Amino acid sequence: MREQMNMLNIVWFRRDLRSDDNTALAKALDEGLPVLPLFIFDTCITDELNSDDARISFIHERLARMDADMRPRGGGILVMKGDPEKVFDRLSEEYSISGVFANSDYEPYAKGRDNKIKTLLGRKGIEFNLYKDQVIFEHDEILKDNKEPYSVFTPYSRKWLKLYSAEKPVAKEHMNPAGKLADPGTPFPSLADRKFSKSSQKVRDYDLSVISDYDKYRNIPAADLTSYLSPHLRFGTVSVRKIAAHAYDLNHSFMNELVWREFFMQILASFPEIVTASFRRKYDGIEWRNDETEFRRWCRGETGYPIVDAGMRQLNETGYMHNRVRMITASFLCKHLLTDWRWGEAYFAGKLLDYELSSNNGNWQWAAGTGCDAAPYFRVFSPAAQEKKFDPAAEYIRKWVREIGTASYPEPLVDHEFARKRAIEEYRKGLNRI
Ligand SMILES: Cc1cc2nc3c(=O)[nH]c(=O)nc-3n(C[C@H](O)[C@H](O)[C@H](O)COP(=O)(O)OP(=O)(O)OC[C@H]3O[C@@H](n4cnc5c(N)ncnc54)[C@H](O)[C@@H]3O)c2cc1C
């Protein structure tokens, strides 16, 4: 038995950066021992990013807010940087830890990391407790009648909504007032203290007022009337239970989008091989052209297709792109330029402030036609038709492509009709290869 004196529990924040309705924090506070809040800038992740990455700045800003909330209660967040295994090894020497509480993360890297931490802590007699928090339903809660995972959205969503209406998970607003927080013994560090610098890009606040009319405007990029919840759901700066409870009676299409988020999460949890392979394996027979010059023009927003270029420039300037335009730009790269979806997925992953492996991979594979429940490969978006339908007055285009209509705007990189036929032909050949 570990010595009861001076023992504490650690709550390890990862992608759940809030104090309200945070399952791991609530469970830890209910235990009675003082709780030391911890965040680790995991160098296995941050070493791959620029030191002024906007996502790091956002995490830091939200940790600072949480720290400020906790200081009056005698606590605060211990912010470390390093390999989590080494950090826990050190902390277990410095503190008498009873248990570590955290919310589950379902990405393959995170699952591997958590298994290692569980083994390390287990050797030291410390419990490692994981809780459901970033989803309403985990992958094994919504299964087909034969207990297999769903790979088609509509029946998945039907079951999800049925279970939701039966259970309606409730959000808990406040931290247990009787729970004790432990003092980290250090002031809250600056970004520079952890060898990062501040980004010029900022994560926008989310807006729930758009939900009631969401279905009317969600496909119009110029209206800019979507919720901007994605980075907040990604980093857990808002509780998904709270958002779902708010949206459930207000707007069915919005609720459906929350279900898409969980659909792709359960796909990743059940089929982790999709990180590198096509969900439908026969699509790995496609011989992509992968022309680097064309890819760079797509990245810069210089394809000569205004709606594609507007989207890529919005992404490059702000770290965000409207969903309809994400679909158009992704389809253009895979079908018009016959470039491997993994190239585009990686580019988005580097730029999107809401980057989420499951949604990014799921949507890229959807656009490429290689994914579960994807559009048929022979359906190729026409950028001009999409423009006409969703940005008829070219408002969105003019906002991001300032030189539109002048001689400095480039000629189209490829002719639409030629590219459409080429894509269908190459996909057909690829499907016959495997
Ligand atoms: C090629 C491509 C890549 C994408 N990559 C990501 C990504 O890395 N991270 C990410 O969060 N979303 C991704 N999406 C989905 C979607 O574009 C964004 O979630 C949405 O644009 C974010 O803006 P919003 O919060 O204002 O969304 P809203 O339209 O207000 O939707 C509310 C919430 O529903 C969820 N949602 C909406 N659409 C989708 C969808 N198609 N798939 C999964 N969840 C959805 C998100 O959590 C979103 O915040 C991608 C879509 C495409 C086509």
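Above this text you will find the structure in question.
Residues numbered from 1 in each chain as written. Predicted model: local features only at pLDDT ≥ 70, side-chain atom pairs only at ≥ 80, totals over all residues.

Novice: Help me out: how do you make sense of the site of the ligand in this one?
Specialist: Taken together, the neighbourhood of the ligand is formed by 27 residues, with Thr226, Ser227, Asn323, Asn360 and Asn363 sitting nearest. Counting residues per element, the ones that place at least two in the shell around the ligand are helix 8 (230–235), helix 10 (252–270), helix 13 (323–336) and helix 15 (357–368). In terms of residue class, the shell around the ligand is built from 13 nonpolar, seven polar and seven charged. Counting the residues that make up the shell around the ligand, at least three belong to each of domain 2 (135–171 + 209–270) and domain 3 (274–433). (Near = placed C-beta within 6 Å. Helix = DSSP H or I, 4+ residues; strand = E, 2+ residues; numbered from the N terminus. Nonpolar A, V, L, I, M, F, W, Y, C, P; charged D, E, K, R; others polar. Domains from an automatic or database assignment.)

Novice: Before we go on, may I ask you to explain the packing of helix 9 (residues 240–247) against helix 10 in this structure?
Specialist: For any two helices packed against each other, one specifies the inter-axial angle together with the distance between the axes. Orientation of helix 9 relative to helix 10, taken along the N-to-C sense of each, is 155°, at an axis distance of 9 Å. As summarised for this structure, helix 9 and helix 10 are arranged roughly antiparallel, according to the angle between their axes. The hand of the helix 9/helix 10 crossing is left-handed. Two secondary-structure elements touch here, helix 9 through Ile243, Ala244 and Ala247 and helix 10 through Phe254, Met255 and Leu258. In terms of residue class, the contact of helix 9 with helix 10 is built from six nonpolar, no polar and no charged. (Axes fitted to C-alpha atoms, helices over the stretch in contact; angles between N-to-C directions. Parallel < 35°, antiparallel > 145°, perpendicular 65-115°, else oblique. Left-handed = near helix turned anticlockwise from the far one by under 90°. Contact = placed C-beta atoms within 7 Å.)

Novice: Is there a simple way to explain unusual backbone geometry in this structure?
Specialist: Excluding glycine, a negative phi dihedral is what most residues carry, and trans is how most peptide bonds are arranged. In the Ramachandran plot, Lys195 falls in the positive-phi region, its phi being about 65° despite a non-glycine side chain. Mapped onto the elements of the fold, Lys195 is located in the loop between helix 6 (153–167) and helix 7 (214–217).

Novice: Is there a simple way to think about the packing of helix 6 against helix 10 in this case?
Specialist: Contact geometry for helix 6 and helix 10: axes closest at 10 Å, N-to-C directions at 110°. Comparing their axes, helix 10 and helix 6 come out roughly perpendicular. The handedness of the crossing between helix 6 and helix 10 is right-handed. Contacts between helix 6 and helix 10 involve Phe153, Tyr156, Ser157, Trp160 and Leu161 on the former and, on the latter, Asn256, Val259, Trp260, Glu262 and Phe263.

Novice: Help me understand the nonpolar core, please; the structure alone is not making it clear to me.
Specialist: Among the nonpolar cores identified, the biggest contains 61 residues, and Ile307 and Ala310 are the most heavily contacted of them. Of all elements in the fold, only helix 6, helix 9, helix 10, helix 12 (306–318), helix 13, helix 15, helix 17 (395–400) and helix 18 (416–433) reach the threshold of two or more residues within this core. In terms of residues, this core owes the most to one element, helix 10, which gives nine residues. Each of domain 2 (135–171 + 209–270) and domain 3 (274–433) contributes no fewer than three residues to this core. Each residue touching Ile307, except ones within four places of it in the same chain, is listed here: Val325, Ile328, Pro383, Gln386, Glu387, Asp391 and Ile397. Counting 44 residues, the second largest nonpolar core, distinct from the first, contains Ala54, Ile56, Ala102 and Phe196. (Core = buried A, V, L, I, M, F, W, Y, C linked by C-beta atoms within 7 Å. Buried ≥ 20, exposed ≤ 12 C-beta atoms within 10 Å, placed from the backbone.)

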